[in-house]
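Reading the structure
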Amino acid sequence: MSYDAVIVGAGITGLSIGFRAAKMGLEVLVLERDDPADGASAVAAGMLAPVTETTFGEEKLLRLNLAGAARWPSFAQELGEAANQPIDLLTSGTLHLATNRDQAAELERLYEYQVKLDLQVERLTAGACRELEPALHPSTRAGILARDDRAVEPRRVIRALGKALHAAGGTLRTGSSVRSIRTGDHPAVTLEDGTEVAAGTVVLAAGCWSGLIDGVPKPVAAALRPVKGQILRLRHRPDHPVLLTHVLRTEEVYLVPRANGEVVVGASVEEKGFDATATAGEVFELLRSAGEVIPGIRELQLAEVNVGLRPGSPDNAPLLGTAAPGLVVAAGHFRNGILLAPITGDGIAQLLASGEPPPELLPFGPGRFDR
Ligand code: GLY
């Protein structure tokens, strides 16, 4: 068995690379330990929000995030056509809110920073926020509207990517755990059952689990860690009034509305290693914070409590590029795995096809943490 590219991991990153590489005519195999619907990608809320996720001191990542966001409309269109299943984006924008005095001061600081970075943001009074979202809590003090921040349903995207990969001639094999990777002149992966699969290039896209595979270069393994996120899905009956139409967020919580009435409430950020236990305390905090944004969410059904393990890195930015002869890494997307799927898929597929990464990936080479 031999492929041009063997991709380890069928989260949104691995599948996007597989889809793009197969479309370029490469023989692609994507290996998934469990099922694509079991990992962090299927738990994620799907915010495509470079502006409202802007963090002080992360300008380099911001540029990648903005470039990633710009690719989403055409990616969604192309993916929808390839999978014969429309991928709709929520385009109403994101409203970043302050619900108390401290948050209002912090929001002002953030607004000034966003303006300095030339981001498209509008400062809104409490009244203007309530005009956009009538169900907001009366204590809402102010908001920043980021009209270009969008959202997508990652579960739908993952299903579509599976179909699109297949339609482009690629293969997805689930229940295939990779024990080790060989780099060098004859790259290959060895599965848990001892089967060896030869590859022109091995692509490591197994999220926070990427570092656990034998043969992964030590600096790459050391750079990746799990960052736990607990997240909720609330639902209501079709006849229930719509509670929100924008993505809403404060410093403590975000709420993402879906067309089917679901509201995703997220997410904790916890350094707990590979622990994936849902805890009463974090669920309580998420619901309390969400209720301070939209009191009406207390009436909704608590349909799902999920835990995702984000792949964190030392600078919160992904590792994208060649890490050793025959080994390409695409991991460490931290809070931006869904947002960066199209640019990662395009860039890594280009690297596989031509041997050269596109310029936008160059600042994110996996060698930047080598000592
Ligand atoms: N991007 C949102 C999160 O990681 O919770």
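First, a word on what this report is: a plain description of the structure on this page. (Residues numbered from 1 in each chain as written. Predicted model: local features only at pLDDT ≥ 70, side-chain atom pairs only at ≥ 80, totals over all residues. Heavy atoms only, no water.)

1. Some thoughts on the pattern of salt bridges
- All told, the structure shown has 26 salt bridges when counted by the stated rule.
- The partner of Arg225 in a salt bridge is Glu271, and the shortest N-O contact between them spans 2.7 Å. Of this pair, Arg225 sits in strand E12 (residues 225-235) while Glu271 sits in the loop between strand E15 (263-266) and helix H8 (280-291), and the two are 46 residues apart along the sequence.
- With relative accessibility at 29%, the residue Arg225 sits in the partly exposed group.
- Residue classification places Glu271 among the exposed positions, given a relative accessible area of 53%.
- A single salt-bridge network, built from bridges that share partners, covers Glu153, Arg155, Arg233, Arg235, Arg258, Glu262 and Glu304. (Salt bridge = Lys/Arg side-chain N within 4 Å of Asp/Glu carboxyl O. Helix = DSSP H or I, 4+ residues; strand = E, 2+ residues; numbered from the N terminus. Buried < 20%, exposed > 50% of the residue type's maximum accessible area, 1.4 Å probe, protein only.)

2. Some details on unusual backbone geometry
- Between Gly266 and the following residue, Ala267, the backbone shows a cis peptide bond with an omega angle of -25°.
- Among the structural elements, Ala267 can be located in the loop between E15 and H8.
- Located in the positive-phi region is Asn84, a residue other than glycine, with phi close to 55°.
- Structurally, Asn84 can be placed in the loop between helix H3 (59-83) and strand E4 (94-98).
- In this structure Asn84 comes out as exposed when scored by relative accessible area, which is 71%.

3. Quick look at the pairing of strand E11 (residues 196-204)
- Both strand E1 (residues 2-8) and E11 contribute to a ladder of six bridges, which runs parallel. Its bridge partner lying in E11, Val6 is registered against Val202.
- Both strand E10 (residues 188-191) and E11 contribute to a ladder of three bridges, which runs antiparallel. Its bridge partner being in E11, Ala188 is matched across the sheet by Ala198.
- Hairpin connection of E10 to E11: four residues between the antiparallel strands, including Gly194 at a positive phi of 95°.
- Direction of pairing for E11 relative to strand E18 (residues 327-331): parallel, over a ladder of three bridges. Paired with Val203 across the bridge in E18 is Val328. (Pairing = 2+ DSSP bridges.)

Keep in mind that these numbers describe shape and distance, not what the molecule does.
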